[in-house]
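Chains, contacts and geometry: an overview
Chain by chain, the residues:
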Amino acid sequence: MAPIRLRYPSGVTTIQVDFDTATVGDLQRLIFRASDISPPQQEIRSGYPPQTLTTIPALPLSSLGLKPGEQIIVNQKISPPTGTYSQPSIPIQATSGASPASRWAAAPPTTGPAAVETPSGVLVHRVVPDDNSCLFSSVALIFEQDIAKAQKMRQIVADGIRRDTETYNNAILGMPREQYVATILKPSTWGGAIELGILAKHFETEIASVDIETGRIDRFTPPLQKSSGNRCLLVYSGIHYDAVTLAPVVNAPLEWDQTVFPIMATDDDNDQILGAAKKLATILRERRAFTNVATFDLKCEQCGKGLKGEKDARAHAQETGHVRFGEY
């Protein structure tokens, strides 16, 4: 562990970081605990004169070029950044003082979570931490009412892969099965379609994921004979999943939320909740709360090579060992 000096709007502190194993996302979480500025809203600068750093949570901390003992300056972005959302509304424990959630609950509607009125209540965008476990945290919020159960969701996926060796073979997984299982159990590993399919089957509930940029709905369904006839909702930004729940009012306690809904119709427009979810995605799209990971432009700051999207950045890092990238 090594120190980094953190300067933020309300103070100065020192945080301890493991430079050997930490990711950018790990640093953002430490900053959040100290400053109450959520990862999507952090503008991180370092050096002299201070330069804004490009933060890709999944990349190693070394991608930022920071050194032990260095000072970083963190400010809160005024407008919602591309690829993330405005204000989190899930209670996350801070290290001291009032929790961020208590302050966000009192924020005016223009800075609060996106929401859509329905005859049954308010469909609300429930933001989970941007910590590489967002898919699992969102599903844990829905089925366990506790984002801390994200690791339990990972274990359900691992068990599902081990049980169904025919479906989840090495070709489908893209690597040997046990290697995939070991990888998905790590908190730093992202989840995707394979994981959502397994979780839908386990909970016997359709998981409908609404893509913010396009409005497309991807449905992950359990086998028909095991379906409960219910559906839950996620929204997807291109790099991040969040949960969608139904509340009596926007700032109601989370324990009052309905997280699973009966499927009322197979088409989007005739299902009241699904239709509201599409409107919610439209609001988030208007806030630019998405990232097209296939098309955003990056440059390797070590060799100058131009790259297209996070996929290229990952491949370049594996091929060259270069880990410092900036957006054009």
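To be clear, the structure that these remarks concern was listed above.
Below is a short write-up of the structure. What you see is a predicted model, and the numbers here were worked out from it, not measured in a lab.

**Things to note about helix α4 (residues 150–163)**
Compared with an ideal rise of 1.5 Å per residue, which puts 14 residues at 20 Å, α4 spans 20 Å between its outermost C-alpha atoms and is within 8% of the ideal. Buried residues of α4: Ala-150, Met-153, Arg-154, Ile-156, Val-157, Ala-158, Gly-160 and Ile-161, and no others.

**Focus: empty space enclosed by the protein**
Taken as a whole, this structure holds 1 cavity of 30 Å³ or more when the rule is applied. Residue lining of the largest cavity: Arg-231, Leu-233, Phe-261, Pro-262, Asp-271, Ile-273 and Leu-274, and that is the complete set. Broken down by secondary-structure element, the contributors of at least two residues to the lining of the largest cavity are β10 (230–236), β12 (261–262) and α8 (272–286). Residue classes in the lining of the largest cavity are distributed as 5 nonpolar, no polar and 2 charged.

**Some details on the environment of Trp-190**
Among the structural elements, Trp-190 can be located in the loop between α6 (177–184) and α7 (193–203). Spatially, the C-alpha atom of Trp-190 lies 8.4 Å from that of Ala-58, the residues being 132 residues apart in sequence. For Trp-190, the side chain forms a polar contact with the side chain of Asn-132, separated by 2.6 Å.

**So, the environment of Lys-201**
With respect to the helices and strands, the residue Lys-201 is situated in helix α7. Given a relative accessible area of 40%, Lys-201 falls into the partly exposed group. Sequence separation between Lys-201 and Ser-227 is 26 residues; the distance between their C-alpha atoms is 8.0 Å. Residues in contact with Lys-201, not counting those within four places in the same chain, are Asp-164, Pro-222 and Pro-223.

**Points about the side chain of Gln-28**
Here Gln-28 lies in helix α1 (residues 24–35). Taking the relative accessible area as the measure of exposure, Gln-28 reaches 3% and is therefore buried. If we skip the residues at most four places from it in the chain, Gln-28 touches Pro-39, Gln-42, Ile-44, Thr-55 and Pro-57.

**A word on helix α3 (residues 134–144)**
The buried fraction of α3 is high, at 10 of 11 residues. Taken together, the buried positions of α3 are occupied by Cys-134, Leu-135, Phe-136, Ser-137, Ser-138, Val-139, Ala-140, Leu-141, Ile-142 and Phe-143. In this structure, the buried side of α3 is in contact with β7 (121–126), α4, α6, α7, β10 and β11 (241–247). Just beyond α3, the residue with positive phi is Gln-145, at close to 55°.

**Examining the sheet that holds strand β5 (residues 71–76)**
Within a sheet, adjacent strands bond to each other through the backbone by hydrogen bonds, running parallel or antiparallel. Strand order in this open sheet of 5 strands is β2-β1-β5-β3-β4, and the pairing throughout is mixed. In the strand order of this sheet, the two ends are held by β2 (11–17) and β4 (51–52), each with one partner.

**Side note on the packing of α3 against α4**
Viewed as axis vectors pointing N to C, α3 and α4 meet at an angle of 100°, and their least axial separation amounts to 8 Å. Overall, the two elements α3 and α4 adopt an arrangement that is roughly perpendicular. Facing α3, whose interface residues are Phe-136, Ser-137, Val-139, Ala-140 and Glu-144, α4 presents Ala-150, Lys-152, Met-153, Arg-154 and Val-157. Each residue belonging to the contact of α3 with α4 can be placed in one class, and the counts come to 6 nonpolar, 1 polar and 3 charged.

Reading guide: rules and limits
- Residues numbered from 1 in each chain as written.
- Predicted model: local features only at pLDDT ≥ 70, side-chain atom pairs only at ≥ 80, totals over all residues.
- Heavy atoms only, no water.
- Helix = DSSP H or I, 4+ residues; strand = E, 2+ residues; numbered from the N terminus.
- Expected span 1.5 Å × (residues − 1).
- Buried < 20%, exposed > 50% of the residue type's maximum accessible area, 1.4 Å probe, protein only.
- 1 Å grid on protein atoms, 1.4 Å probe; cavity = no way out; pocket = protein on both sides within 12 Å on 5 of 7 lines; lining within 4 Å.
- Points joined across faces, edges and corners; volume = space filled by probe spheres on them.
- Nonpolar A, V, L, I, M, F, W, Y, C, P; charged D, E, K, R; others polar.
- Polar contact = N/O pair within 3.5 Å; in protein donor to acceptor, adjacent residues only side chain to side chain.
- Contact = heavy atoms within 4.5 Å.
- Pairing = 2+ DSSP bridges.
- Axes fitted to C-alpha atoms, helices over the stretch in contact; angles between N-to-C directions.
- Parallel < 35°, antiparallel > 145°, perpendicular 65-115°, else oblique.

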